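Breakdown of the fold
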Amino acid sequence: MSEKKDVRILAYESSCDETSTAVIKNGTDIESLVVATQIKSHQRFGGVVPEVASRHHIEVISQITKEALNEANATWDDIDAIAVTYGPGLVGALLIGVSAAKAASMATGIPLIGVDHIMGHIMAAQLKDKIEYPALALQVSGGHTEIVLMKDPIHFEIIGDTRDDAAGEAYDKIGRVLGVNYPAGKTIDSWAHQGKDTFNFPRAMMEDDDYDFSFSGLKSAFINTCHHADQIHEELNKYDLAASFQAAVIDVLAHKTVRALKQYQPKTFIMGGGVAANHGLRDRMSAEIEKLPKNIQPKVILPDIKLCGDNAAMIGAAAYNLYNAGKFADLTLNADPSLELPYADNMLN
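Predicted model only: the values in this text are computed from it and were never measured.

Side note on the nonpolar core
- Ranked by internal contacts, the top residues of the largest apolar core, which has 49 residues, are Ile188 and Phe245.
- The set of elements that each furnish at least two residues to this core consists of strand E6 (135-140), strand E7 (145-150), helix H5 (167-177), helix H6 (185-192), helix H7 (216-231), helix H8 (238-264), strand E9 (268-272) and helix H9 (279-290).
- In terms of residues, this core owes the most to one element, H8, which gives 13 residues.
- Not counting residues within four places of it along the chain, the set of residues in contact with Ile188 comprises Tyr171, Ile174, Gly175, Leu178, Val180, Ala242, Phe245 and Gln246.
- Residues Ala22, Met123, Ile154 and Ala313 belong to the second largest nonpolar core, which totals 38 residues.

Structural notes on the packing of H6 against H8
- Between H6 and H8, the least distance of the axes is 7 Å, while the angle of their chain directions is 105°. Comparing their axes, H8 and H6 come out roughly perpendicular. The segment H6 lies against H8, with Ile188, Asp189, Trp191 and Ala192 engaging Lys238, Tyr239, Ala242, Ala243, Phe245 and Gln246.
- Of the residues assigned to the contact of H6 with H8, the class counts are seven nonpolar, one polar and two charged.

A closer look at unusual backbone geometry
- A cis amide bond, omega 0°, links Tyr133 with the succeeding residue Pro134.
- Here Pro134 shows up in the loop between helix H4 (117-123) and E6.
- A cis amide bond, omega -10°, links Tyr182 with the succeeding residue Pro183.
- As for its position among the elements, Pro183 is in the loop between H5 and H6.
- Even without a glycine there, the phi angle at Asn26 is positive, about 55°.
- Its identity is not glycine, yet Asn200 carries a phi of approximately 50°, on the positive side.
- If you trace the backbone, Asn200 turns up in the loop between H6 and H7.
- Using a relative accessible area of 61% as the deciding quantity, one classes Asn200 as exposed.

Overview of H6
- Turning to H6, its buried residues are Ile188, Asp189, Trp191 and Ala192. One face of H6 carries all of its buried residues, which in axial projection span an arc of 165°.
- Contacts from the buried residues of H6 go to H5, H8 and H9.

Thoughts on the pattern of salt bridges
- On inspection of all chains with the given rule, the structure shows 17 salt bridges.
- In this structure, Glu132 and Lys299 form a salt bridge, with 3.9 Å as the shortest nitrogen-oxygen distance. Linking Glu132 in the loop between H4 and E6 with Lys299 in strand E10 (residues 299-301), this pair joins segments that are 167 residues apart in sequence.
- Its salt-bridge partner being Arg203, residue Asp251 comes within 2.9 Å of it at the nearest N-O pair. Linking Asp251 in helix H8 with Arg203 in the loop between H6 and H7, this pair joins segments that are 48 residues apart in sequence.
- Using a relative accessible area of 17% as the deciding quantity, one classes Asp251 as buried.
- Residues joined in a network through salt bridges with shared partners are Asp197, Arg203, Asp251, Arg284, Glu288 and Lys291.

Comments concerning the side chain of Glu13
- With respect to the helices, strands and loops of the structure, Glu13 is situated in strand E1 (residues 8-13).
- One buried charged residue, Glu13, forms no salt bridge at all, with the nearest opposite charge on Lys102 at 16 Å.
- Within the local environment of Glu13, its side chain forms a polar contact with the side chain of Ser15, the two groups lying 2.5 Å apart.
- With sequence-adjacent residues up to four places away left out, Glu13 is seen in contact with Glu18, Thr19, Ser20, Thr85, His117, Asp310, Asn311, Ala312, Met314 and Ile315.

Some details on the domain arrangement of the protein chain
- Per the domain assignment, the segments making up the protein chain are domain 1 (8-124 + 307-347) and domain 2 (131-302).
- The C-alpha-based centres of domain 1 and domain 2 are spaced at 26 Å.
- In this assembly, 24 residues from domain 1 lie in contact with 29 residues from domain 2.
- Regarding the contact of domain 1 and domain 2, the summed buried area is about 2100 Å², with carbon and sulfur atoms giving 68% of it.
- Looking at the side of domain 1 that touches domain 2, the elements that each hand over two or more residues are helix H1 (39-43), H4, helix H10 (312-324) and helix H11 (345-348).
- No other element matches H4, which puts five residues into the side of domain 1 that touches domain 2.
- Class assignment for the residues of the side of domain 1 that touches domain 2 results in 15 nonpolar, seven polar and two charged.

Points about H9
- If you check H9, its first and last C-alpha atoms are 17 Å apart, about what 12 residues at 1.5 Å a residue would give, namely 16 Å.
- Taking the backbone nitrogen of Gly280 as reference, a side-chain oxygen 2.9 Å away marks Asn278 as the first, capping residue of H9.

Here is what the cut-offs are and how they apply
- Residues numbered from 1 in each chain as written.
- Predicted model: local features only at pLDDT ≥ 70, side-chain atom pairs only at ≥ 80, totals over all residues.
- Heavy atoms only, no water.
- Core = buried A, V, L, I, M, F, W, Y, C linked by side-chain atoms within 4.5 Å.
- Buried < 20%, exposed > 50% of the residue type's maximum accessible area, 1.4 Å probe, protein only.
- Helix = DSSP H or I, 4+ residues; strand = E, 2+ residues; numbered from the N terminus.
- Contact = heavy atoms within 4.5 Å.
- Axes fitted to C-alpha atoms, helices over the stretch in contact; angles between N-to-C directions.
- Parallel < 35°, antiparallel > 145°, perpendicular 65-115°, else oblique.
- Nonpolar A, V, L, I, M, F, W, Y, C, P; charged D, E, K, R; others polar.
- Arc of directions from axis to C-beta.
- Salt bridge = Lys/Arg side-chain N within 4 Å of Asp/Glu carboxyl O.
- Lys, Arg positive; Asp, Glu negative; His and termini not counted.
- Polar contact = N/O pair within 3.5 Å; in protein donor to acceptor, adjacent residues only side chain to side chain.
- Domains from an automatic or database assignment.
- Buried area = accessible area lost by both parts, 1.4 Å probe.
- Expected span 1.5 Å × (residues − 1).

Put into structure tokens, the structure is as follows:
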């Protein structure tokens with residue numbers, strides 16, 4: 001019997017403020033990963049400016065394509081597929097990656113694969129360890145907060161979603177009030193470990209029967225607390241504020257996710273997205289899963305911190321599963337800024 005051929009995928013990610021390319025072998029091995037970050041360009045604005053992001057993507061995408069191939073000691077002849085994030089994200093930013101990937105596919109004849117950005121975040125776990133299915137993912141980032149049920153490597157469905165602000169978005173908004181540069185999550189997490197939960201901020205929808213989230217009320221309560229203190233010239237402890245905010249976010253995320261784990265009893269639990277790098281959340285979810293009865297305790301895969309943010313390696317991992325399923329795109333592939341994973345049937349009623 002002949003040995004199975006290695007599959008190498010060149011992947012592109014440009015959905016927001018990181019331009020990234022990677023070469024991934026067999027969906028698990030990172031042969032190269034290049035990330036050109038734009039954080040410093042956006043910090044003075046307190047968030048991502050779409051037009052600025054698109055310009056930066058244009059400036060670097062050709063260069064980092066060469067870098068990814070060189071770092072992997074690969075040529076175009078070694079590449080079996082070209083993958084690209086086509087949504088969700090900023091439409092102008094997405095278009096740069098999609099255009100580059102389509103141009104490369106047209107010039108080389110290498111097959112094209114379009115990848116959902118959220119599927120990519122979740123599949124960062126595949127680069128860490130083998131995922132056993134069915135699996136359940138807590139996807140937490142600046143734009144999305146979702147609980148996702150994964151029947152197999154390509155069939156995902158949302159069983160819980162945020163109804164307003166995503167958790168990462170709330171971190172950035174309260175960070176602005178505290179004078180923390182964008183992105184605020186890492187600093188707030190650090191401060192939270194130095195403070196105590198003394199403000200008792202609201203835990204919205206915690207006891208609701210569904211798996212949905214809401215963080216706008218928490219954000220408003222936080223901002224109102226700070227504004228009131230300013231008006232009466234009271235100085236609040238920033239570490240306690242951070243600890244109180246983070247405790248409220250994590251309590252809700254952990255409570256709803258654990259309830260989903262008890263109901264669906266997956267073989268693997270995964271965290272994905274930028275907020276999956278939060279040490280408080282990682283520690284809490286690991287501790288909560290340890291408390292579950294042994295017979296329903298899933299395998300836990302927390303992606304490496306460097307793979308929680310936007311990167312092309314996760315896109316290459318997800319693309320490998322689509323490659324094996326024969327899910328290819330053609331040159332009509334376009335950016336879809338509002339792309340969503342399907343919702344479970346019970347979420348549509």
